[in-house]
Amino acid sequence: MSIHHWPEEQRPRERLIKYGAAALSDAELLAIFLRTGIAGKSAVDLGRDLTSHFGSLSALFAASLPTFSAIHGMGPAKYAQLQAVLELARRSLAEELRTGVLLSAPRTVKQYLQLVLSGKKHECFIALFLDVKNRLIKSEELSRGTLTHASVHPREVVKAALANNAASIILAHNHPSGITDPSAADLSVTAMLKQALALVDVRILDHLIIAGNNVHSFAEHGQL
């Protein structure tokens, strides 16, 4: 049965307006995004299909066009809409980080980094360069691949920090394995970068590991 024929109190759009977006399931939120279903399936059914097929929202958001389009009822138009929504969310959070103080908004920092890094198939190392008031100057990818002394060059990180006139930095990388625990190499590289950046009076405020919906903070675990 089409959602249009459901009782009003069960329709995702009406429920969102009445109770807020947080009250809806992933499938219901996706149904609002999809707008319509296909023969034999409502938009909510399609939303369930998407979450079931990809296993998580982060994996869905990171899907390529061919992978996304392989799902019956999906295609380039829906893929473009989804990517546009994600990019708007990233830009909104980045805007908030540029105008606010990051130390007072750790949740926003984590949300932004999850949008940027979650679901990537390879490890990606980025830095958030901050001004003296802890506002975001720039987010920049510094390397791809497993974090090692060879993949992350202190000289290049210091050079980028000076080029952006940064007073401090938040480092972040993802673990495609889904495990947030830092490796010995993660700890070693962080210590190495902290020492190198201290020579030019740039502080590392945190190093975050993103693994799906989970985030590990070096600062919160006393590892800086």
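Just so it is clear, the structure is predicted and the values come from calculations on it, not from any experiment.

So, how was this worked out
- Residues numbered from 1 in each chain as written.
- Predicted model: local features only at pLDDT ≥ 70, side-chain atom pairs only at ≥ 80, totals over all residues.
- Heavy atoms only, no water.
- Buried < 20%, exposed > 50% of the residue type's maximum accessible area, 1.4 Å probe, protein only.
- Helix = DSSP H or I, 4+ residues; strand = E, 2+ residues; numbered from the N terminus.
- Right-handed = clockwise from strand over helix to strand, strands pointing away.
- Pairing = 2+ DSSP bridges.
- Contact = heavy atoms within 4.5 Å.
- Salt bridge = Lys/Arg side-chain N within 4 Å of Asp/Glu carboxyl O.
- Axes fitted to C-alpha atoms, helices over the stretch in contact; angles between N-to-C directions.
- Parallel < 35°, antiparallel > 145°, perpendicular 65-115°, else oblique.
- Left-handed = near helix turned anticlockwise from the far one by under 90°.
- Nonpolar A, V, L, I, M, F, W, Y, C, P; charged D, E, K, R; others polar.
- Expected span 1.5 Å × (residues − 1).
- Arc of directions from axis to C-beta.

Trainee: When you look at the pairing of strand 4 (residues 203-211) in this model, what are you seeing that I'm missing?
Mentor: Two faces, one strand: in a regular strand the side chains alternate between the faces of the sheet. Counting buried positions along strand 4 yields 8 of 9 residues, so the element is predominantly enclosed. The handedness of the strand 3 (residues 168-174) to strand 4 crossover, carried by helix 9 (residues 184-198), is right-handed. As paired strands, strand 4 and strand 5 (residues 214-217) are joined by 4 bridges and run antiparallel to one another. Considered in strand 5, the bridge of Leu208 is made with Ser217. Between strand 4 and the antiparallel strand that follows it, strand 5, lie 2 residues; Gly212 among them carries a positive phi value of about 65°.

Trainee: Help me understand the environment of Lys41 in this model?
Mentor: Tracing the backbone through its elements, the reader meets Lys41 in the loop between helix 2 (26-34) and helix 3 (43-54). Here the alpha-carbon distance between Lys41 and Ser56, two residues 15 residues apart in the chain, equals 21 Å. Filtering out sequence-adjacent residues up to four positions away, Lys41 remains in contact with Leu46 and Asp49.

Trainee: Can you help me understand the pattern of salt bridges in this one?
Mentor: Side chains carrying opposite charge are able to pair once their charged atoms draw close together. Across all of its chains, the model carries 7 salt bridges by this definition. A salt bridge links Glu87 to Arg91; its shortest N-O distance comes to 2.9 Å. Placement of the pair is Glu87 and Arg91 together in helix 6 (residues 76-99), with a separation of 4 residues, close to one helical turn. Using a relative accessible area of 56% as the deciding quantity, one classes Arg91 as exposed.

Trainee: What should I look at first to understand the packing of helix 1 (residues 12-19) against helix 2 in this one?
Mentor: The axes of two packed helices give the description: the angle between them and the distance between them. Two numbers describe how helix 1 lies on helix 2: the axes approach to 9 Å, and their chain directions differ by 110°. With respect to each other, helix 1 and helix 2 are oriented roughly perpendicular. Every pair of crossing elements has a handedness; the one defined by helix 1 and helix 2 is left-handed. Residues Pro12, Arg13, Arg15 and Leu16 of helix 1 form the contact with helix 2, whose own contacting residues are Glu28, Leu29, Ala31 and Ile32. For the contact of helix 1 with helix 2, a count of residues per class yields 5 nonpolar, no polar and 3 charged.

Trainee: Looking at this model, I keep getting lost on helix 7 (residues 106-117). Mind explaining?
Mentor: Quick reminder: α-helices carry 3.6 residues per turn. Residues three or four places apart thus point the same way. A rise of 1.5 Å per residue sets the reference length of helix 7, with its 12 residues, at 16 Å; its end C-alpha atoms lie 16 Å apart and thus fit the reference within 8%. Inspection of helix 7 places Thr108, Val109, Tyr112, Leu113 and Leu117 among the buried residues, and these make up the whole buried set. Projected onto a plane normal to the axis of helix 7, the buried residues spread over an arc of 150° and lie on a single side.

Trainee: How do you make sense of helix 9 when you look at a structure like this?
Mentor: Taking 1.5 Å of rise per residue, the 15 residues of helix 9 would be expected to cover 21 Å, and the 21 Å separating its terminal C-alpha atoms lies within 8% of that figure. Residues of helix 9 that are buried: Asp186, Val189, Thr190, Met192, Leu193, Ala196 and Leu197. The buried residues of helix 9 occupy one face: seen down the axis, they fall within an arc of 165°. For helix 9, exposure combined with an orientation more than 90 degrees from the buried face picks out Ala184 and Gln195. Turning to helix 9, the residues buried within the fold contact strand 1 (124-130), helix 8 (154-163), strand 3 and strand 4.

Trainee: Whenever I open this one, the side chain of Thr180 confuses me. Can you help?
Mentor: Within the secondary structure, Thr180 sits in the loop between strand 3 and helix 9. For Thr180, the contacting residues outside a window of four places in its chain are His175, Ile209, Ala211, Asn214, Val215 and His216.

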